[in-house]
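# Chains, contacts and geometry: an overview
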Amino acid sequence: MIVHDDTPSADPALDAYRRLLDHCLRCRTCRTTDADGWANSTCDEARWLYRAWRVARRGSTTEGSRA
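The following paragraphs examine the structure supplied in this document. Since this is a predicted model, take the numbers as computed values, not measurements.

### Some thoughts on the overall build of the chain
- Secondary structure assignment for the chain yields 3 helices and 0 strands.
- Along its sequence from the N terminus, the chain presents helices and strands in the succession α-α-α.
- In the chain, buried positions account for 19% of the 67 residues.
- Approximately 5400 Å² of the chain is accessible, and the part contributed by carbon and sulfur atoms is 54%.

### Re helix H1 (residues 12-26)
- Across its 15 residues, H1 extends 22 Å between first and last C-alpha, which sits within 8% of the 21 Å expected from 1.5 Å per residue.
- Of the residues flanking the start of H1, the one acting as N-cap is Asp11, its side-chain oxygen 3.0 Å from the backbone nitrogen of Ala13.

### With respect to the pattern of salt bridges
- Evaluation of the coordinates by the stated rule reveals 2 salt bridges.
- In this structure, Arg26 and Asp22 form a salt bridge, with 3.8 Å as the shortest nitrogen-oxygen distance. Note that Arg26 and Asp22 are positioned in helix H1 at a spacing of 4 residues, about one turn of the helix.
- Accessibility expressed as a relative area gives 61% for Arg26, which makes it exposed.

### Here's the deal with the packing of aromatic side chains
- Enumeration according to the criterion identifies 2 aromatic pairs in this entry.
- Ring geometry for Tyr17 and Trp53: centres 5.2 Å apart, planes at 45 degrees, overall tilted. Here the residue Tyr17 occupies a position in helix H1, and Trp53 occupies one in helix H3 (residues 44-66), the gap between them amounting to 36 residues.
- Residue classification places Tyr17 among the partly exposed residues on the basis of a relative accessible area of 34%.
- Seen from their ring centres, Tyr50 and Trp53 are 5.7 Å apart, and the 50 degrees between their planes marks the pair as tilted. With a gap of 3 residues between them, Tyr50 and Trp53 both fall in helix H3, about one helical turn apart.
- Given the relative accessible area of 39%, Tyr50 is considered partly exposed.

### Digging into the environment of Trp53
- Judged by relative accessible area, which is 16%, Trp53 ranks as buried.
- Taking the C-alpha atoms as reference, Trp53 lies 4.9 Å from Ala16; in sequence the two are 37 residues apart.
- Residue contacts for Trp53: discarding those within four places in its chain leaves Ala13, Ala16 and Tyr17.

How each quantity is defined
Residues numbered from 1 in each chain as written. Predicted model: local features only at pLDDT ≥ 70, side-chain atom pairs only at ≥ 80, totals over all residues. Heavy atoms only, no water. Helix = DSSP H or I, 4+ residues; strand = E, 2+ residues; numbered from the N terminus. Buried < 20%, exposed > 50% of the residue type's maximum accessible area, 1.4 Å probe, protein only. Areas by Shrake-Rupley, 256 points an atom, 1.4 Å probe, with all protein chains shown as cover. Expected span 1.5 Å × (residues − 1). Polar contact = N/O pair within 3.5 Å; in protein donor to acceptor, adjacent residues only side chain to side chain. Salt bridge = Lys/Arg side-chain N within 4 Å of Asp/Glu carboxyl O. Phe/Tyr/Trp six-rings, centres within 6.5 Å; stacked < 30°, edge-to-face > 60°. Contact = heavy atoms within 4.5 Å.

Here is the structure:
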């Protein structure tokens, strides 16, 4: 299944988000759901990738507001 284009982006936040999505789609722990179908778990790597995305997003917003 292809979720997005793998072409590198000039936006670090977009690249970080793509890495997070790719991981969560492939990780058994992150794909675990409860009886209602809701995701109920994330692994340490997903938490790290999420933090990296948030930091990259903050950096992109800061740079954009300076222009």
